[in-house]
Amino acid sequence: MRRLFIACALPPSVVAEFARAFAVTYAGDGPPLSADDIVAGAAGHDALVVTAPTRVDRALIGRLPASLQALATYSVGHDHLDLTAAAEKGLAVFSTPDVLTDACAEAALLLMLGAARRATEAIALLRERRWTGWTPTQLNGWDITGKRLGIVGMGRLGRAIADRARAFRMPIHYHNRSRLPADLEGGATYHPSLDALLAAAQVLVLACPGGEATRGLLNRERIARLPPGAIVVNIGRGSVVVDADLADALDSGHVAAAGLDVFDGEPALYPRYYTLPTLFMLPHIGSATLETRNAMGRLLAEGLEAFWSGGAPVNRLV
Ligand code: NAP
């Protein structure tokens, strides 16, 4: 039986899924392991399972035991992995595409609606027992119905968000580095330039990967290109947003409201975020549904089994 070292917390059903096919060493559901703990724990194993907060960089990959043949991340994002270094070491790398797309798209809609309907202030009003009754002046937010939606990163997740936004009669605009074929575009308007997309986006959704290519993509200059009163949502990666610039735009009202699921340097948040009333925040729960968690585990287990039986796993990155 192949030996798996699971270096991150996973739901018990997912650990059981792995244990059906592999001899599993589970590090437990404590805080993320240090690089030293990962190196020590992976000794004598065939595969290492990690997830998004754990950086597996060139230095760590260089120290991993020679027994290791595969690296599996329990996430679709892989900006925390050095794929080049992994390939050079001869590691096959696996992730969890597709199975979390619907859950994340639902979370993106939650962020759009939570921001537009001022959910942070509304929940505080109730929980702090300050609500004195309905009035027409209370907590008026903004419709998203019919607003132009600008999506940065029209991949699996961006397209699933677009599918749902069409039910709100939102015209869809998007920016990718490359244009999609017409069947995937689904009538959406492609903007080869990010600046042109920003000028159109009454609601902006960031659904692109993290990493150096997108670091600080939404900065002061780019925020200024949004229409006044735009709503900003980030379901991709925290590093895509310059926190101080978004906070300034929320303070000035140029960005009317924002919804964030991901944060640069999470779980430590940019301190001003805690105090902004028009900011609706979730603690990186985009894919956090029981169905999705189980499906992610199944996909990784099936990918590893296919790899060792000589197949071509659909979720292999390198
Ligand atoms: P995907 O199918 O690979 O789509 C990524 C899209 O981003 C592609 O359309 C790509 O198009 C575009 N893109 C990449 N680099 C870009 C750049 N520099 N500028 C503009 N567009 C760029 O991935 P996915 O499954 O949709 O997931 C997208 C990201 O969402 C993941 O990488 C992950 O970081 C994040 N995510 C977050 C959560 C959460 O819990 N909040 C859950 C799942 C995923 P081009 O290559 O043509 O540019």
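Predicted model, so just to flag it, every value in this text is computed and none were measured. (Residues numbered from 1 in each chain as written. Predicted model: local features only at pLDDT ≥ 70, side-chain atom pairs only at ≥ 80, totals over all residues. Heavy atoms only, no water.)

(A) The arrangement of the domain arrangement of the chain in detail. Partitioning the chain into structural domains gives domain 1 (3–99 + 289–308) and domain 2 (101–281). Each of domain 1 and domain 2 was reduced to a C-alpha centroid, and the two centroids are 31 Å apart. With 9 residues of domain 1 at the contact, the number on the domain 2 side is 6 residues. Between domain 1 and domain 2 the total buried area reaches about 570 Å² when both faces are included, carbon and sulfur atoms providing 46% of it. The interface formed by domain 1 and domain 2 contains 1 salt bridge. A salt bridge links Asp79 to Arg237; the nearest nitrogen and oxygen atoms lie 3.3 Å apart. For the interface between domain 1 and domain 2, the tally reads 2 residue pairs in polar contact (both at pLDDT 80 or more). Residue composition of the side of domain 1 that touches domain 2, by class: 4 nonpolar, 3 polar and 2 charged. (Domains from an automatic or database assignment. Contact = heavy atoms within 4.5 Å. Buried area = accessible area lost by both parts, 1.4 Å probe. Salt bridge = Lys/Arg side-chain N within 4 Å of Asp/Glu carboxyl O. Polar contact = N/O pair within 3.5 Å; in protein donor to acceptor, adjacent residues only side chain to side chain. Nonpolar A, V, L, I, M, F, W, Y, C, P; charged D, E, K, R; others polar.)

(B) The arrangement of the site of the ligand in detail. Neighbouring residues of the ligand: 25 residues in total, closest Leu157, Arg177, Ser178, Ile235 and Asp261. Here Gly155 contributes a backbone N or O atom positioned 3.1 Å from an oxygen atom of the ligand. Here an oxygen atom of the ligand and a backbone polar atom of Leu157 are 2.8 Å apart. Considering the ligand on its own, with 910 Å² of exposed area, one finds that the protein chains cover 86% of that surface. (Near = heavy atom within 4 Å. Areas by Shrake-Rupley, 256 points an atom, 1.4 Å probe, with all protein chains shown as cover.)

(C) Spatial organisation of the side chain of His191. Looking at where His191 falls in the secondary structure, it is placed in the loop between β8 (189–190) and α9 (194–200). For His191, a relative accessible area of 12% puts it in the buried group. Once you skip the residues sitting within four places of it in the chain, His191 turns out to touch His173, Tyr174, His175, Ala196, Leu197 and Ala200. (Helix = DSSP H or I, 4+ residues; strand = E, 2+ residues; numbered from the N terminus. Buried < 20%, exposed > 50% of the residue type's maximum accessible area, 1.4 Å probe, protein only.)

(D) How the structure looks around the sheet that holds strand β4 (residues 70–73). Spatial ordering of the open sheet is given by β2-β1-β3-β4-β5, a layout of 5 strands whose pairing is parallel. Pairing within the sheet leaves two strands with one partner each, and these edge strands are β2 (23–26) and β5 (92–94). Strand-to-strand twist across the sheet, computed as the mean angle between neighbouring axes with direction ignored, equals 20 degrees. Strand direction decides the pairing type here: β4 and β5, joined by 3 bridges, are parallel. Looking at β5, one finds that Leu71 is bridged to Val93. Where helix α12 (residues 290–308) meets the sheet, it contacts β1 (3–6), β3 (47–50), β4 and β5, and its direction lies at approximately 160 degrees from that of β4. (Pairing = 2+ DSSP bridges. Axes fitted to C-alpha atoms, helices over the stretch in contact; angles between N-to-C directions.)

(E) Here's a closer look at the packing of aromatic side chains. Overall, the coordinates contain 6 aromatic pairs when judged by the stated rule. Ring centres of Phe22 and Trp308 lie 5.8 Å apart, and the angle between their planes is 70 degrees; this geometry places the pair in the edge-to-face category. Taken together, the residues Phe22 in the loop between α1 (12–21) and β2 and Trp308 in helix α12 connect sequence positions 286 residues apart. Of the two residues, Phe22 and Trp308, neither departs from the other in class, the shared state being buried. (Phe/Tyr/Trp six-rings, centres within 6.5 Å; stacked < 30°, edge-to-face > 60°.)

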